[in-house]
Amino acid sequence: MTNSIAEIEDSACIFITGSNTSACHPLIARRVFRAKEKGAKLIVADPRNIQLSRFADVAVTQRLGSDVAMLNGMMHIILKNGWQAQSYIEERTEEFEEFKAAVESYTPDKVEQIAGIAQNDLEKMAELYATNSPASILYAMGITQHTTGVDNVKSICNLAMLCGNVGVKSGGVNPLRGQNNVQGACDMGGLPNVFPAYQPVTVEANNEKFAKAWGKALPGKIGYTITDMVRAMIDGKLKALYVVGENPMLSDPDQHHLVKALEKLDLLICQDIFFTETAEKADVVFAAVSVAEKDGTYTNTERRCMKVNKAIDPIENTLNDWEIISKLSTAMGYEMNYESPEQIFDELTTVTPSYGGMTYERLGLDGLQWPCPNADHPGTQFLHKDQFTRGKGLFHAVEYLDPAEMPDEEYPYWLTTGRMFAHYHTGTMTRVSPHLDTEQKTGYVEINPEDAKTLGVNDGETVRLSTRRGETEIPARVSNKVVPGLLFVPFHFAESPANILTNSAFDPIAKIPEYKVCAVKIEKAA
Amino acid sequence: MQEQIREWLEQEKVDIFLGYKKIQGHPLPHCFTKDNLDETDDLIVGNARYSLEKMATKIAAEHPELKIGLLVRDCNQRALNVLYVWNQLRPDNIETISVNCCPSKLKEHGDCSYLEPEKAAPLKMMIGIDNNMDVEAAEEFGQEDRYKRWMYEFQKCLKCYGCRDICPVCFCKECSLEHTDLIATGSVPPEIPIFHLVRAVHMGGRCIDCGLCEDACPVDISLRLLYRKVNDIVSDVFDYKTGTSADQSPFNMLGEEVTLELKPI
Amino acid sequence: MDFKIIPSVCSYCGTGCGVLFQVMDGRLVDTLPMKTHPVNEGKLCIKGWNLHEHVVSDKRLTSPMLKKNGHLQEASWDDAIQTTVEKLKAIIEAHGPDSVGVLASAKITNEENYLVQKFARAVIGTNNVDHCARL
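Procedures and definitions
Residues numbered from 1 in each chain as written. Chains lettered and ligands numbered in written order. Predicted model: local features only at pLDDT ≥ 70, side-chain atom pairs only at ≥ 80, totals over all residues. Contact = placed C-beta atoms within 7 Å. Helix = DSSP H or I, 4+ residues; strand = E, 2+ residues; numbered from the N terminus. Nonpolar A, V, L, I, M, F, W, Y, C, P; charged D, E, K, R; others polar. Pairing = 2+ DSSP bridges. Buried ≥ 20, exposed ≤ 12 C-beta atoms within 10 Å, placed from the backbone. Core = buried A, V, L, I, M, F, W, Y, C linked by C-beta atoms within 7 Å. Domains from an automatic or database assignment. Axes fitted to C-alpha atoms, helices over the stretch in contact; angles between N-to-C directions. Parallel < 35°, antiparallel > 145°, perpendicular 65-115°, else oblique. Left-handed = near helix turned anticlockwise from the far one by under 90°.

## So, the interface of chain C and chain A
Of the residues lining the interface, 86 residues belong to chain C; the matching set on chain A comes to 114 residues. No other element matches the 13 residues that helix 4 (residues 110-124) of chain C contributes to the side of chain C that touches chain A. In the side of chain C that touches chain A, the residues fall into 41 nonpolar, 30 polar and 15 charged. Across two bridges, the pairing between strand 11 (residues 284-287) of chain A and strand 4 (residues 65-68) of chain C is antiparallel. Residue pairing for strand 4 of chain C: A:V284 is matched across the bridge by C:L66.

In structure tokens form, the structure reads like this:
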């Protein structure tokens, strides 16, 4: 997030797209409800009728994967009416003209044809966003999990800059992180192209800096992303995989393809707190500890690095992840003799400039928001205040592209996937939690009452879903949350895995798979 | 007060004392014991409000003989009374030290304004139920308007169950809110208004108007007002003010064998 | 009798709500929202309120495991580490460091993620390190 969670309350307009905030980030939705009650305008654009849609000043259900068209359409209208923040654009941004030319053709009529958004709704969205300042945009995986994920994000940034909403309190471009430490994993360099704090591995100075800090020559070539890894496994180039605290068997697209890849490995190491579907396939399983048994830090979606405190001793014969890695490393011939997470933290802050001013003592219970470069720095509530990190904000000319797969005669329905409120990710932790299990015990597919009638399917009846990748049987939930022609499957449930169906086509830059769109066939199970 | 608590622990009048301590700038509930007597110097009252009595109930369930001391405001005391009535705590094992408290309908005077809800935002005033409103004012809305206002509030519900989970007098092992025959599971908002009304019904003669539910509600639903209304009914019918004494409640009095008359079926 | 309140952070999503763990006699018994936390101000969602439940689940892994004769069996830490290292070394020897991939995690701490990528880069000698942020 460029801005902070608490700031949302004081936005004059909140535009939510591709985020079922009240189900997936309830304590952020709280701020939205409060902003709305204080008088903020609320725009919700989501292919499903989500809880927040009921509270919106304008709510639309855009066709899956049509976000660039929708956003370009809004910006077309804003420009046509002269609602853009002209002086902000002139002072703080560049390449505006190219961008302006690109959105020229996205007339409300064209957008209606692509996205299925009524023209007057689009007009209202544009007007509300452009004429109520500061305006905040919240989005999540509904924007990013597309073959055009990067284009979608660029378009959102275009919109925010067009109305002067970046670098202002209660405005901003605010992606809501799905997992508790996605932000931290990225910040810490858990990525194939960058060291901690996004320092590229290809820049020689960075490489030298880390080589010196770690006392070892380091590779300068960009590595494989997770998506590349799967392909390299199939091609026989990747022989060993060490999976720490993830369950790709359920979280990766096109499960059949992944099983084939994992079976080709010579060594699969899995480190987890539960015996996951991925662990079942492993050669070695390391038993790690849970959140309550460890010290350390998480960095939340608003860049707030916070201290996690050990409440109980590790259960039975389990070890902290940092202890396992240290043991492994030492046995490999590279000594790691850390005595505590604090010692590791003190090391990482010396090579991670944005965390440079943090210590456990300073974090306290409130945490600190990066960048926090030195010991006197109070942390940063919102980014890009006086200028963008790169200097000038860059407009991008973005054209709409179709999703990789669209419904046809054989697979006539749209399928999208996501979370439901009582479960988390692959369900590893939440499905063993009695109260959460009580709330939702099985997977399900949401189907519109009209479609259910056509197919003769009643609520709770089992249906078969099939795509070009695979098929699964799953109970139907007849619901107005989905529009006719659209189906929704949550991905938490191993026995009816959404990702046996999803398309592994991915964004060429971010390598993020298109979980949010594919074509599917539905029939009553025999 | 710190000295008194120290004395109690030293003389084993209580085995533990539940109060508050400031940890890295935050007032947090803390369990003081004989083993760490010096910690009692750090005991604070402040305006922190956690349900110490719920912690006591949890501890007593596993250590029934333990003598527990705790800081109580008036609302904590009312909760304790209800917990005594319902056999969740034994009064003989509880020692209390009273501190300033919050205003409540069930108490005549209050001198701590910690619980005062913030001023309602404009939209909430217009279409919802202001958290500052009392039962009489809410009843002045016409029936249709009132229904719509409550439904607005309920629609915001995120089904966190926080109202139940934080409630000092919610101790049932099985909860009707999770009874699938009453309320369907698996979606937000939950089925409304049934979710909130089922809970409201169970609050009659149980709710001690501490306001912790409303304080824990992520979407500011006016829960306190709702439960006040149910308690008003109990008060009108049975002349019973919940939590004001540790005597039996009308609900278990009616169950006395001797009061039952045999009637032909 | 030992009763402790430990402040921490919920691990169920990227919001990062402040929680209080209640620990009785060394067992985690309950979760409460932290009232004065800047993110959640004393409120939690259904997952946060039940954060302790997965920790105390009897389905937790309680020991390292090694595949022997095609089946995963409980092993000692020394055995598990040693066997892994032998296999890893042989693979690196035969196919080079880029034949190894490491997946860090959006669910572990910053300290642990830092070590995972340090392990991939400095110990294995590859930049093949990624995590599930995309997924």
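Moving on from the coordinates now.
## Focus: the sheet that holds strand 4 of chain C
The sheet built from seven strands is open, its strands ordered 5(C)-4(C)-11(A)-10(A)-9(A)-6(C)-7(C) with mixed pairing. Strand pairing shows two members of the sheet lacking a second neighbour, strand 5 (71-74) and strand 7 (129-130) of chain C, which therefore form its edges. As paired elements, strand 9 (residues 240-244) of chain A and strand 10 (residues 267-272) of chain A share five bridges and run parallel to each other. Bridging across to strand 10 of chain A, A:L241 finds its partner in A:L268.

## Some thoughts on the environment of A:Y515
Residue and element names in this part refer to chain A. As for its position among the elements, Y515 is in the loop between strand 20 (486-490) and strand 21 (518-524). Overall, Y515 belongs to the buried group, with 28 C-beta atoms counted inside 10 Å. Taking C-alpha positions, Y515 is 26 Å from K237, a pair spaced 278 residues apart along the chain. For Y515, the contacting residues outside a window of four places in its chain are Q145, P253, T417 and T502.

## Brief notes about the nonpolar core
Core analysis: the largest hydrophobic core is formed by 267 residues, its most contacted members being A:M74, A:Y129 and A:L487. Not counting chain neighbours up to four residues away, the residues in contact with A:Y129 comprise A:C13, A:F15, A:I43, A:M74, A:A135 and A:C163.

## So, the interface of chain B and chain A
If you look at the interface, chain B gives 19 residues, while chain A gives 19 residues. In terms of residue count, the dominant contributor to the side of chain B that touches chain A is helix 4 (residues 122-127) of chain B (three residues). Counted by class, the side of chain B that touches chain A contains nine nonpolar, six polar and four charged residues.

## Describing the pairing of strand 2 (residues 26-33) of chain B
Residues and elements named next belong to chain B. Burial analysis of strand 2 places six of its eight residues in the buried class, which makes it a mostly covered element. Note that strand 1 (residues 16-23) and strand 2 share eight bridges and pair antiparallel. By the bridge assignment for strand 2, F17 is matched with F32. Between strand 1 and strand 2, which pair antiparallel and follow one another directly, the connecting turn spans two residues, one of which, Q24, has a positive phi of 45°.

## Quick word on the domain arrangement of chain C
Once the domains are mapped, chain C shows domain 1 (3-55) and domain 2 (65-134). Just the C-alpha atoms count here: the centres of domain 1 of chain C and domain 2 of chain C sit 31 Å apart.

## Considering unusual backbone geometry
A:S133 connects to A:P134 through a cis peptide bond whose omega is 0°. Its location among the elements puts A:P134 in the loop between helix 7 (119-131) and strand 5 (135-139). Looking along the chain, the bond that leaves B:I192 and enters B:P193 is cis, with omega of 0°. Positive phi, close to 60°, is recorded for A:Y198, a residue that is not glycine.

## Section: the sheet that holds strand 2 (residues 41-45) of chain A
Residue and element names in this part refer to chain A. Taken in spatial order, the five strands make up an open sheet running 3-2-1-5-6, and their pairing is parallel. One side of each edge strand has no neighbouring strand; the edge strands of this open sheet are strand 3 (58-60) and strand 6 (173-175). Across the sheet, the mean angle from the axis of one strand to that of its neighbour is 15°, orientation sign disregarded. Sitting on the sheet, helix 7 is in contact with strand 1 (13-17), strand 2, strand 3 and strand 5, with an inclination near 130° to strand 3.

## Quick notes on the packing of helix 3 (residues 67-80) of chain A against helix 6 (residues 108-115) of chain A
Residue and element names in this part refer to chain A. Relative to each other, helix 3 and helix 6 sit at 165°, their axes nearing to 9 Å. Here helix 6 runs roughly antiparallel to helix 3, going by the angle between their axes. In terms of crossing hand, the pair formed by helix 3 and helix 6 is left-handed. Taken together, the residues of helix 6 that come into contact with helix 3 (itself represented by A69, M70, G73 and I77) are P108, V111, I114 and A115. Grouping the amino acids of the contact of helix 3 with helix 6 by side-chain chemistry returns seven nonpolar, one polar and no charged.

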